[in-house]
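Take a look at the letters that make up each chain.
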Amino acid sequence: MTGLTQHLAARIATTGPVSIAEYMAECLLHPTLGYYATRDPLGAEGDFTTAPEISQMFGELVGLALAQAWIDQGRPAPFTLAELGPGRGTLMADLLRATRRVPGFHDAARLVLVEASPVLRARQAQALEAYAPEWIGTVDGLPDAPLFLVANEFFDALPIRQFVRDGAGWRERQVGVRDGALCFGLSAATPRPELAHRLEDTRDGDLVETCAPAAAVAATLGARIAGHGGAALVVDYGDWRSLGDTFQAVRGHEKTDPLADPGAADLTAHVDFEALAGAAGDAAHTRLAPQGLFLERLGIEHRAEALAKGLSGPALDSHAAAFRRLTLPEEMGSLFKAIGFHPRGTAPPPGLEA
Ligand code: SAH
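Procedures and definitions
Residues numbered from 1 in each chain as written. Predicted model: local features only at pLDDT ≥ 70, side-chain atom pairs only at ≥ 80, totals over all residues. Heavy atoms only, no water. Domains from an automatic or database assignment. Contact = heavy atoms within 4.5 Å. Buried area = accessible area lost by both parts, 1.4 Å probe. Salt bridge = Lys/Arg side-chain N within 4 Å of Asp/Glu carboxyl O. Phe/Tyr/Trp six-rings, centres within 6.5 Å; stacked < 30°, edge-to-face > 60°. Helix = DSSP H or I, 4+ residues; strand = E, 2+ residues; numbered from the N terminus. Buried < 20%, exposed > 50% of the residue type's maximum accessible area, 1.4 Å probe, protein only. Axes fitted to C-alpha atoms, helices over the stretch in contact; angles between N-to-C directions. Parallel < 35°, antiparallel > 145°, perpendicular 65-115°, else oblique. Left-handed = near helix turned anticlockwise from the far one by under 90°. Nonpolar A, V, L, I, M, F, W, Y, C, P; charged D, E, K, R; others polar.

Visitor: Any chance you could explain the domain arrangement of the protein chain here in plain terms?
Guide: How big an interface is tends to be reported as the loss of accessible area on association of its parts. Per the domain assignment, the segments of the protein chain are domain 1 (3–33 + 161–209) and domain 2 (36–159 + 211–243 + 261–342). One C-alpha centre belongs to domain 1, the other to domain 2, and the line joining them spans 29 Å. In this complex, domain 1 contributes 24 residues to the contact, which on the side of domain 2 involves 21 residues. Here domain 1 and domain 2 share an interface that buries about 1,700 Å² over both sides, 62% of which is from carbon and sulfur atoms. It is Met-24, Leu-28 and Glu-209 that lose the most area in domain 1 upon contact with domain 2, and together they represent 38% of the buried surface on that side. The interface formed by domain 1 and domain 2 contains one salt bridge.

In structure tokens, the structure reads:
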């Protein structure tokens, strides 16, 4: 047994089976044994890759969209330029390079990164050395100021709970121990007032997921944006209202058993954008757009052509492959979605107009 399996088994022996959320939180964020606490998981040698790691175009276009939203709202100064879960800092570095010539944008920006992992904070410090970022651990520490924010593949890392419908009640899916190994089980059925709306669109045996931390983060962003102005762009995989089991583990770019080696695989779940939009209700939200459409509206074809002019041979091939990967429906183009938050009565951020 690895350290984290032992730790979880001992905890379960003392206090009983844990929720999927408790399991996910321990696996990802345990201060010494957790997945994000112990490694940089991104890139070809890591466990998974993300849009900004695939191509510089992603961060550039997101940056120009946020800068345009800032201009549309009258160039508030100072403002907070923030990212949730910045990974290696690649998106933010591309965003800042692309917005260098937007008059006043950099001078007015205070760069704040919300990051739990010390390993990734160090990577971000390297990538963003020139821009003096500040780090905070949770969105509660975001300054009371206009907020222009991006979050790519952040919400999918937040701990979810799972509930299986049983009549008018719900059985929670849990992690327990059987014969010395971690296993899934179900609690007894109980009524769940917070799932009342899911009695309408589910049948016996259906599984639904909730993510209280995601709702709490969205509520904070919605309140900041409604109170001070700003915009948030959230990109992740998921859909408008989730149904079914989306809890998954990825290791070395392959799906694996989420209970097999806790702390050694990335654990994620699809994002329920309806729940985010509901929780951020102080602010207005845009429609949900597939990533491919969002990037096309932001001009990815022009940017791809411009970059292609300076490339040839294998570099050109890999640039073309990256463009396809980000935009094509059978790649990331439709599984990933984008949503924007903005103050009521203001224009939606570019790329997410109705
Ligand atoms: N946005 C980056 C990285 C995505 S990986 C990219 O697109 O490449 C998820 C990121 O969220 C990592 O930086 C991880 O350390 C961070 N993260 C995960 N859970 C977190 C939490 N609860 N609080 C703060 N950061 C978290």
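Visitor: I'm lost on the packing of aromatic side chains in this one. Help?
Guide: Aromatic ring pairs: the centre-centre distance and the angle between the two ring planes describe each pair. Throughout the structure, instances matching the rule amount to seven aromatic pairs. A centroid spacing of 5.2 Å and a plane angle of 70° characterise the contact between Trp-70 and Phe-105, whose relative ring orientation is edge-to-face. Of this pair, Trp-70 sits in helix α5 (residues 56–72) while Phe-105 sits in helix α7 (residues 105–108), and the two are 35 residues apart along the sequence. No difference in accessibility class separates Trp-70 from Phe-105, as the two residues are buried.

Visitor: Mind showing me how you'd approach the packing of α5 against helix α6 (residues 90–98) here?
Guide: Each packed pair of helices is defined by two parameters, the angle between the axes and the distance between the axes. Put simply, α5 and α6 touch, their axes get as near as 7 Å, and they point 55° apart. The angle between α5 and α6 places the two elements in the oblique class. Read as a crossing pair, α5 and α6 show a hand that is right-handed. The residues of α6 that touch α5, namely those facing Gln-56, Phe-58, Gly-59, Glu-60, Val-62, Gly-63, Leu-64 and Leu-66, are Leu-91, Asp-94, Leu-95, Arg-97 and Ala-98. For the contact of α5 with α6, the class distribution of residues is seven nonpolar, three polar and three charged.

Visitor: Would you explain the pattern of salt bridges in this entry?
Guide: Oppositely charged side chains may form a pair once their charged atoms are brought near each other. Summed over all chains, the structure comprises 19 salt bridges. We note a salt bridge from Asp-239 to Lys-337, for which the minimum N-O separation is 3.8 Å. In this pair, Asp-239 is assigned in strand β10 (residues 230–239) and Lys-337 in strand β17 (residues 336–342), connecting sequence segments 98 residues apart. Under the relative-accessibility criterion, Asp-239 is labelled partly exposed at 41%. Overall, the relative accessible area of 12% leaves Lys-337 in the buried class. Here the salt bridges do not stand alone but share partners, grouping Asp-40, Glu-53, Arg-88 and Arg-123 into one network.

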